[in-house]
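The chain contents come next:
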Amino acid sequence: MSENIEKGRILKISILRFNPQLKGDKPKMVTYELEEAPGMTIFIALNEIREKFDSSLQFDFVCRAGICGSCGMIINGQPDLACRALTSKYPSGEITLMPLPAFELIGDLSVNTGKFMRAMSERIGSWIHDQAMDEIDLTRLEEKMEPGLADKIYELERCVECGCCISACGTKRMREEFLGAAGFMRIARFHMDPRDKRTDDDIYEIIGDDDGIFGCMSLLGCEDYCPKDLPHQTQIAYLRRKMVNLR
Ligand code: SF4
Ligand code: F3S
Ligand code: FES
């Protein structure tokens, strides 16, 4: 048996390297070879590359557990979370990593999803709109909610704002101002919450145009690549049906 097979296979990881802050820098693919370890994730491999080959390699992570949403990137052509993606998923051992498109590039694999998500949250008013709740009254009890409805809201609350759905969406590439699936999931979440007093007409004001729900061409990359398996198809169809009646 060769030494390589005894120790684990050799991975070839090609990364799009580019630092827009560095004058004269140009995008280039750089390939690193490293030995695969049991249970190795792309995140672990990137740390090893940074330690062994190039300390300037940029990529984001916080939780390493698929919770914070900061490690989204394009892995062999598909958006995914680097901390969840096992290298063993790629039988050839050749792995290509690129930053998520549709977001401002910070450098290498690091993109500014926070800026996008903040703007999206402000655009849709990502909080419960109820004047009565704005008044500070510590004795006021929240209305009871059916457990089934609470579960449905919770399902949409699981979004980790990773941006994979935005990067997987062809419409977003064509329409810069397109709200995108993360925004639709968020508006659906507030729309089904009885504590939010916004009417259908109020929602129409936010998403009733081609940068909103009518721009969605049902390409469903969002459904395919959401690492949290949010019900994009169902919720987008529901919102569209509701909004089309108000047109
Ligand atoms: Fe990520 Fe899914 Fe949220 Fe989109 S909806 S940002 S893919 S968790
Ligand atoms: Fe884009 Fe999802 Fe619609 S991928 S076009 S938001 S169905
Ligand atoms: Fe938090 Fe990957 S590091 S989701």
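Please read all numbers here as calculations on a predicted model, not as lab measurements.

About the criteria used
Residues numbered from 1 in each chain as written. Chains lettered and ligands numbered in written order. Predicted model: local features only at pLDDT ≥ 70, side-chain atom pairs only at ≥ 80, totals over all residues. Heavy atoms only, no water. Phe/Tyr/Trp six-rings, centres within 6.5 Å; stacked < 30°, edge-to-face > 60°. Lys NZ or Arg CZ within 6 Å of the ring centre and 35° of its normal. Pairing = 2+ DSSP bridges. Helix = DSSP H or I, 4+ residues; strand = E, 2+ residues; numbered from the N terminus. Axes fitted to C-alpha atoms, helices over the stretch in contact; angles between N-to-C directions. Contact = heavy atoms within 4.5 Å. Buried < 20%, exposed > 50% of the residue type's maximum accessible area, 1.4 Å probe, protein only.

1. A word on the packing of aromatic side chains
Inference 1: In this structure the tally under the stated criterion is six aromatic pairs.
Inference 2: Among the aromatic residues, those joined into a cluster by ring pairs are F43, F59 and F61.
Inference 3: Over the face of the ring belonging to F190 we find R189, whose NZ or CZ atom lies 4.4 Å from the ring centre.
Inference 4: The ring of F214 carries the charged tip of R247 above its face, separated from the ring centre by 3.8 Å.

2. Structural notes on the sheet that holds strand β1 (residues 10-17)
The strands that make up a sheet are held in pairs by hydrogen bonds between backbone atoms, and each pair lies either parallel or antiparallel.
Inference 1: Taking strand neighbours across the sheet as the criterion, the five strands line up as β2-β1-β5-β3-β4 in an open arrangement whose pairing is mixed. Both edges of this open sheet fall to β2 (28-35) and β4 (78-81), since each of them pairs with a single strand only. With strand direction ignored, the average angle separating the axes of adjacent strands in the sheet is 35°.
Inference 2: Helix α2 (residues 42-52) rests against β1, β2, β3 (72-75) and β5 (94-98) of the sheet, and its axis sits at about 100° to β2.

3. A few points about the side chain of R189
Inference 1: Relative to the assigned elements, R189 resides in helix α8 (residues 181-191).
Inference 2: Overall, R189 belongs to the buried group, its relative accessible area being 7%.
Inference 3: For R189, the contacting residues outside a window of four places in its chain are I153, L156, E157 and R195.

4. Re the environment of D60
Inference 1: Looking at where D60 falls in the secondary structure, it is placed in the loop between α2 and β3.
Inference 2: Of the residues examined, D60 reaches a relative accessible area of 25% and is grouped as partly exposed.
Inference 3: As a C-alpha pair, D60 and C169 span 109 residues in sequence and 22 Å in three-dimensional space.
Inference 4: Once residues lying within four places of it in the same chain are set aside, the contact partners of D60 are S70, C71, S110 and V111.

5. Looking at the environment of E223
Inference 1: By the secondary structure assignment, E223 is in helix α10 (residues 221-225).
Inference 2: Judged by relative accessible area, E223 falls into the partly exposed class, the value being 28%.
Inference 3: Each C-alpha atom, one on E223 and one on T234, is 9.6 Å from the other, the two residues being eleven residues apart in sequence.

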